Amino acid sequence: MRPERARPGVLRTGWSRILLAVPACAAWLGAVGCFQPVQRPVPSGLDLYMPVPAENPLRQDVVALGRALFFEQALSRDSSLACASCHRPSEGFSDGRRLSQGVFGRQGARNVPTILNRGYGRSFFWDGRISTLEEQVLQPIMAADEMDMSVEEAVERLRRNPEYVAAFRRIFERMPNEKDLARSLASYVRTLRTGDSRFDRFVDGDRGALSELEVRGQQLFQGKARCVRCHMGATFTDERFHNTGVAWREGELHDLGRYTVSGAEADRGAFKTPTLRQVAKTAPYMHDGSLATLEAVLDFYDGGGNDNPYQDPLIRSLGLDEDERAALVAFLGSLTGVVREGI
Amino acid sequence: MNVRAIVGLAGLALLVAVSTAHGQQKPEDLLQSARYTEEVQGDLRAAVRVYQSIVRDFPEHRSVAATALVRLGRAYETLGDAEAQQAAYQRVLSDYSDQAQAAAQARAQLATLQSDNRVARRLGIVTRQVWPDAAGGRAGRPDVGSISPDGRYLAFTDWIAGFGGDPMLRGHADLAVFDTETGRSRLLTDRPPQTVSSTYVESMAWSADGERLAYTAWNEGFEHQELHVLRSDGSDDHILVANDQMPNVRPMAWSQDGDFIVSLFQGWDEIRRIGLVSTEDGRVQILKTLGTHDPWPLSLSPDGKYVVYDYPQADGETEHDVFILATDGSSEERLVSHSADDERPFWTPDGGRVVFLSDRSGRRGLYSLEVRDGRPAGDPELVRPDVGPMVTLGFSRTGALYYRLQVNVRDVHVAELDLNGAATLSESTLLTERFEGTNGYPSWSPDGRRIAYFSHRGQGLGLHVVVKTLDTGEENNFAIPFALPRQGAHSPEWSADGRHLLIEGIGIGVVDDPRRVSYRLDLETGEVAREPFLRDYVGRDGPNHSFATAAQSEALRAAGVRMLPAPKNEIRVFRDGDEPLRPGEKLMWVSNAGVGRVSPGGDVENIGPTGHVHTWALSPDGTQLAWAIAQDTILQSNRLLIMPVTGGAIRELTRLPRPPELGDQPPEIVTVKWTPDGKSLLYDVRWPAEPAREPELWQVGVEGGTPERLDVSVELTRLRLHPDRKRVAFWTQEARTEIWLMEGFSWQDSGR
């Protein structure tokens, strides 16, 4: 079965926009002028400060180019997939599948995580093997079960496209190259933010923003259900790695997770805590997409995860009843907010 | 010879007479003669010597001594010794604050010194005490205190004790300011009396113009904190932020224009967030979300562009780096990155530097770093080494750095206490006047001719053991390369031959490790070595821990018994490295729950009653064990029991009365101690059901008899009995919070 293509309209729209937008400073983004430091509108609930490397400051034109590249199918082996094919805006920048699907129908080993708010992240991928967005954005292009290209091949395809050549020259004053490709994609990903949810409005003082059931769910989230032990802060993640037991089946770990990066015994079967913003829109869940619904996730944690020799001691049976689980699901729904791209 | 010369000779004669035999002179006469020498003869140095002798020899004549100190300060001013001048005035404030006239004069002189930067420039960096006792007997809280921009006022939480002396029982905890010029405090708020579940004022920050203060107080339900703003006269108090979703908020720094307050928030997830609070409508913009540690102190640059703070270098690290965060959210950098602990950064008033504390040299020092456009411009420079435990509070507009010191004033005293006679403690005298305030934990030698004690002295106030020979007054001083435990430290213990001291300390590099380590100090060579005979143990959770002297250990060994304090009711028979029990050897244990023994086969057997063991002690010869046990905290009395360490009959030496009312906590034996001759036991009793009742010290003979109350108000843990049963040594300790300022920094002169 052929993998689902990114919607051509999106691609064309994106590209045509960027071609027009770069000289005109991206009217679709609400431009503030070319080569200006960014004045970022930040959705409520998120930090004003987002770490941005000094060598890749956020610029309107770079973000606009990055957006075009994000939707560019030419960056995959068979020109069938773009970054946006797996990180679909309509699916909370995930893909709705259990496991990722690459070129020629190749199936990946892990679920596609949302990339919303990843500009605030400290490490990337489920196992945290990459520490900067600039490095991260090139990895799917090179992965055999994703876009299956070398970066050199990808750059070469861009160099054969006069419109990209013109854009790169205008922005970076040189031909398309690996570093500027990474800068552009990373800049665009940094601008993908979600916040201003009903929960954020509740925190800001709008006590009517959450229903009674959702408030009850929030209290459970912070208390009995212990969710806040890992899902904390503005992005609802501690950016750490935990073995909940998802990878433990039939007496063995089917994915070593963070251990493959750190080599630490305690990291066997541990995966990074995902954000919970937009969580209602990013099913299925867990690193392997093995839990289809939020209810299933709550059942999993309520039962104390899958007991295994490396399980994080934070994970324990919760003793939630049906009403409590319903309240938690309702609260998680309140974390769906506004998604913004661009600057 | 003219009249003036004749008068001068007469004065000199008087001075000589005074200086040779002033033991018979009245201090008032001495003061008069010194003034004569200073004013008439103009011999300042001779006058200084007399003023000094008055202060040294007649401290109890408080009015005269305080006046002498003021005169001393003025003499030093004339002599151009500004540092000594300052020290003299500071001593008036610290030791003679009850002498109103002298204290006012000293305070005025110090204020002149402060405002006259010429002194600072002449001296380089100078320090001055501005508040001798900031806690003032109140319950001080750490990290509270904000200095007004003009340096005159210090805002603080005034804990006013309520019922039973407990500020949490219907006392107040109000916002107050201390005036460093008048030495007086005034309340800015008048909060309702507290109950156990009520609230208190916590953090505070002055606005840049000194007109307003922001402070935090808990709401009535103690559910979340409220950020208030009021005028500096206490008027117009209103709530700016009250959010039950962000239960903790602390104002840290105002912008120069007063438009926003940099604040620290903490949500239910315990995550800290740096936010900007609009003073117009209380809107909050979160700048950065951190982790579960407090960033400190969130000092705002004068141009309002950057916030600096310390934060752990990485997850799980205890050392901090210094970070700089742009208030427009555009950047964050590690301003100071070093493997050492770099903490408490503050902007200088000109915005050109960040001053911070660092232990990068091995000792804590004050450093400064020039900063341009949010980036370091050069390397950190050492401003002042060995600053000790100072807690910086920030700069005044004039460039003075204010800081807080938590001072433990500890001294060793000796007194008469005839355990065979009246058993009343005589008036005590200081064992030594050297390094006053740093001496504690005395221990008599077995022959009673020497006394050892701990002292913190020298640069960096390192730990020393001092051995004083009482006949000659000679002191031998031994530097010790480790620290005393923060809690439950013991006096040094003498070996039977008086040639060694056994010391329990915490090894270098393991200060945060509760493991205590035993050392042997050779008093002839000064060598310090680990003491292999004594086992290391974790004593924090056990009953009052004690470690065996060599004599006790030898006796136990001869009896085939090992003693083991057992923490947490847990009978840990063997530890790594322990010798296995020899055939026939018994292992005695004392735990929170009782006394017992363990057979070589590992069988645990209780001996005597079980209950809660408050305290225990081995007899000096190591043959007897005494312990106090409460079998039931509701109904049963505390009992003092004694038994041979090899087991055998248990004898009850005393039993405390039952509590006055059913349900009250019974009186408790807190500490038990053998007299050096092993003939009697001392124990002190506390009365939890009667908070106002003073603890009592009692004595009971080992062979029984009626216990006798001693007229001694010293805690038994601090009392050391002389072998002659007629003298005691003890130490006193007083914790004091002092506020100081430091000024005369090189960058103050540069006009930046």
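This structure is a prediction, so every number in the text was calculated from the model and none was measured. (Residues numbered from 1 in each chain as written. Chains lettered and ligands numbered in written order. Predicted model: local features only at pLDDT ≥ 70, side-chain atom pairs only at ≥ 80, totals over all residues. Heavy atoms only, no water.)

A tally of helices and strands in chain B yields nine helices and 47 strands. The burial tally for chain B puts 53% of its 752 residues in the buried class. Of all intrachain contacts in chain B linking residues separated by at least 6 positions in sequence, the fraction that spans at least 24 positions is 45%. Accessible surface for chain B amounts to roughly 33700 Å². Of this, 47% is attributable to carbon and sulfur atoms. (Helix = DSSP H or I, 4+ residues; strand = E, 2+ residues; numbered from the N terminus. Buried < 20%, exposed > 50% of the residue type's maximum accessible area, 1.4 Å probe, protein only. Contact = heavy atoms within 4.5 Å. Areas by Shrake-Rupley, 256 points an atom, 1.4 Å probe, with all protein chains shown as cover.)

Another point: the pairing of strand β7 (residues 212-218) of chain B. All names here are of chain B. In terms of burial, β7 is largely enclosed, as six of its seven residues are buried. When strand β6 (residues 201-206) meets β7, the two strands line up antiparallel, connected through four bridges. For tryptophan 206, the partnering residue across the bridge sits in β7 and is leucine 213. Linking β6 back to β7 in an antiparallel pair, the connection comprises five residues, with glycine 210 at a positive phi of about 70 degrees. (Pairing = 2+ DSSP bridges.)

Let's shift gears to the sheet that holds strand β44 (residues 696-701) of chain B. All names here are of chain B. What the four strands build is an open sheet, ordered β42-β43-β44-β45; its pairing is antiparallel. Lying at the two open borders of the sheet, with one neighbouring strand each, are β42 (668-674) and β45 (708-710). Here the average twist between neighbouring strands, direction ignored, is 30 degrees. In the sheet, strand β43 (residues 680-686) pairs with β44 via six bridges, with the strands oriented antiparallel. Looking at β44, one finds that leucine 681 is bridged to valine 700. (Axes fitted to C-alpha atoms, helices over the stretch in contact; angles between N-to-C directions.)

This part covers the sheet that holds strand β11 (residues 260-266) of chain B. Residues and elements named next belong to chain B. The strand order across the open sheet formed by four strands is β10-β11-β12-β13, and the pairing between neighbours is antiparallel. Every other strand in the sheet has two partners, leaving β10 (248-254) and β13 (284-289) as the edge strands with one partner each. Between one strand axis and the next, the sheet turns through 30 degrees on average, direction left out of account. Across five bridges, strand β12 (residues 272-278) lies against β13 in antiparallel orientation.

It is common to give the size of an interface as the accessible area that goes away when the parts come together. Of the residues lining the interface, 21 residues belong to chain B; the matching set on chain A comes to 17 residues. Taken over both partners, the interface formed by chain B and chain A buries close to 1500 Å², and the fraction arising from carbon and sulfur atoms is 49%. Looking at the side of chain B facing chain A, the largest losses of area belong to B:Gln245, B:Asp269 and B:Asp315, adding up to 29% of the total buried there. At the boundary of chain B and chain A, one finds three salt bridges. We note a salt bridge from B:Asp315 to A:Arg240, for which the minimum N-O separation is 3.2 Å. No other element matches β13(B), which puts five residues into the side of chain B that touches chain A. Considered class by class, the residues forming the side of chain B that touches chain A number six nonpolar, eight polar and seven charged. (Buried area = accessible area lost by both parts, 1.4 Å probe. Salt bridge = Lys/Arg side-chain N within 4 Å of Asp/Glu carboxyl O. Nonpolar A, V, L, I, M, F, W, Y, C, P; charged D, E, K, R; others polar.)

With that settled, consider the nonpolar core. A:Phe221, A:Leu328 and A:Leu332 are the most contacted members of the largest nonpolar core, which totals 43 residues. Broken down by secondary-structure element, the contributors of at least two residues to this core are α9 (198-203), α10 (212-222), α12 (294-302) and α13 (322-333) of chain A together with β8 (225-231), β9 (238-242), β10 and β11 of chain B. Ranked by residues supplied to this core, first place goes to α13(A) with five residues. Setting aside chain neighbours within four positions, we find A:Leu332 in contact with A:Phe221, A:Leu276, A:Val279 and A:Leu294. Among the nonpolar cores identified, the runner-up in size contains 40 residues, and A:Val63, A:Ile115, A:Leu133 and A:Val151 belong to it. (Core = buried A, V, L, I, M, F, W, Y, C linked by side-chain atoms within 4.5 Å.)

So, on to unusual backbone geometry. A:Ala283 connects to A:Pro284 through a cis peptide bond whose omega is -5 degrees. Mapping A:Pro284 onto the fold places it in the loop between β5 (271-272) and α12. Residue B:Trp296 is joined to B:Pro297 through a cis peptide bond whose omega torsion reads 0 degrees. Take B:Pro297: it is sitting in strand β14 (residues 296-300). Despite not being glycine, A:Phe104 shows a phi value in the positive range, around 55 degrees. The phi dihedral of A:Glu239 is positive, around 60 degrees, even though this residue is not glycine. Summarising the element assignment, A:Glu239 is placed in the loop between α10 and β2 (241-242).

Taken residue by residue, α10(A) has A:Glu214, A:Val215, A:Gly217, A:Gln218, A:Leu220 and A:Phe221 as its buried positions. Residues of α10(A) that are buried in the fold lie against α9 and α13 of chain A.

Applying the stated rule across the entire model yields 53 salt bridges over all chains. As a salt-bridge pair, A:Asp180 and A:Arg183 come within 3.3 Å of each other at their nearest N and O atoms. Of this pair, A:Asp180 and A:Arg183 both sit in helix α8 (residues 178-190), separated by three residues, roughly a single helical turn. Both residues of the pair, A:Asp180 and A:Arg183, count as buried. B:Glu370 is the partner of B:Arg372 in a salt bridge, and the nearest nitrogen-oxygen pair spans 3.2 Å. Of the residues examined, B:Arg372 reaches a relative accessible area of 52% and is grouped as exposed. You can call B:Glu370 buried: its relative accessible area is 18%.

Turning our attention to helix α2 (residues 60-70) of chain A. The element α2(A) is extensively covered by neighbouring structure, given that eleven of its eleven residues are classed as buried. Here α2(A) has its buried residues at A:Gln60, A:Asp61, A:Val62, A:Val63, A:Ala64, A:Leu65, A:Gly66, A:Arg67, A:Ala68, A:Leu69 and A:Phe70.

Scanning the entire structure with this criterion turns up 18 aromatic pairs over all chains. Taken together, a centroid distance of 5.5 Å and an interplanar angle of 85 degrees make the contact between A:Phe199 and A:Phe331 edge-to-face. Note that A:Phe199 is positioned in helix α9 and A:Phe331 in helix α13, a separation of 132 residues in sequence. Aromatic side chains B:Tyr153 and B:Trp206 sit 6.2 Å apart centroid to centroid with 25 degrees between the ring planes, which places their arrangement in the stacked category. Separated by 53 residues along the polypeptide, B:Tyr153 in strand β3 (residues 153-160) and B:Trp206 in strand β6 bring together distant segments of the chain. Its relative accessible area of 8% is what places B:Trp206 among the buried residues. Of note, B:Arg186 hangs over the ring of B:Tyr153, and the distance from its end group to the ring centre comes to 5.7 Å. The side chain of B:Arg693 reaches across the aromatic face of B:Trp687, ending 3.3 Å from its centre. (Phe/Tyr/Trp six-rings, centres within 6.5 Å; stacked < 30°, edge-to-face > 60°. Lys NZ or Arg CZ within 6 Å of the ring centre and 35° of its normal.)

So, about the pairing of strand β31 (residues 500-505) of chain B. All names here are of chain B. Counting buried residues along β31, six of its six residues qualify, which places the element largely inside the surrounding structure. Along β31, one buried face is formed by His500, Leu502 and Glu504 and the opposite face, lined by Leu501, Ile503 and Gly505, is buried too. Here strand β30 (residues 493-494) hands over to β31 after five residues, with glycine 498 in that stretch at a positive phi of 70 degrees.

The next subject is the environment of A:Asp299. All names here are of chain A. Structurally, aspartate 299 is set in helix α12. Overall, aspartate 299 belongs to the partly exposed group, its relative accessible area being 43%. For the pair aspartate 299 and leucine 318, spaced 19 residues apart in sequence, the C-alpha separation works out to 9.6 Å. Polar side-chain contacts of aspartate 299 include one of 3.2 Å to the side chain of arginine 325. (Polar contact = N/O pair within 3.5 Å; in protein donor to acceptor, adjacent residues only side chain to side chain.)

What follows is about the confidence of the model for chain B. For residues with low pLDDT, the predicted coordinates do not support detailed interpretation. Residues and elements named next belong to chain B. Summing up the model confidence of chain B, the mean pLDDT is 80 and the portion of residues at 70 or higher is 77%. Long-range and interchain partners of residues 1-23, a stretch whose pLDDT sits below 50, account for 22 contacts in this model, where long-range means more than four residues apart. The model gives residues 533-546 a pLDDT under 50, and that stretch makes 49 contacts with residues more than four places away or in other chains. Reported confidence for the predicted complex is 0.82 by ipTM and 0.67 by pTM. (pLDDT = per-residue confidence, 0-100.)

Angle between the axes and distance between the axes are the two parameters that describe a pair of packed helices. All names here are of chain A. At a minimum axis separation of 10 Å, α2 and helix α7 (residues 162-172) run at an interaxial angle of 155 degrees. Judged by the inter-axis angle, α2 sits roughly antiparallel to α7. As α2 runs across α7, the sense of the crossing is left-handed. Residues Asp61, Val62, Leu65, Ala68 and Leu69 of α2 touch α7, and the partners they reach there are Tyr164, Ala167, Phe168, Ile171 and Phe172. For the contact of α2 with α7, the class distribution of residues is nine nonpolar, no polar and one charged. (Parallel < 35°, antiparallel > 145°, perpendicular 65-115°, else oblique. Left-handed = near helix turned anticlockwise from the far one by under 90°.)

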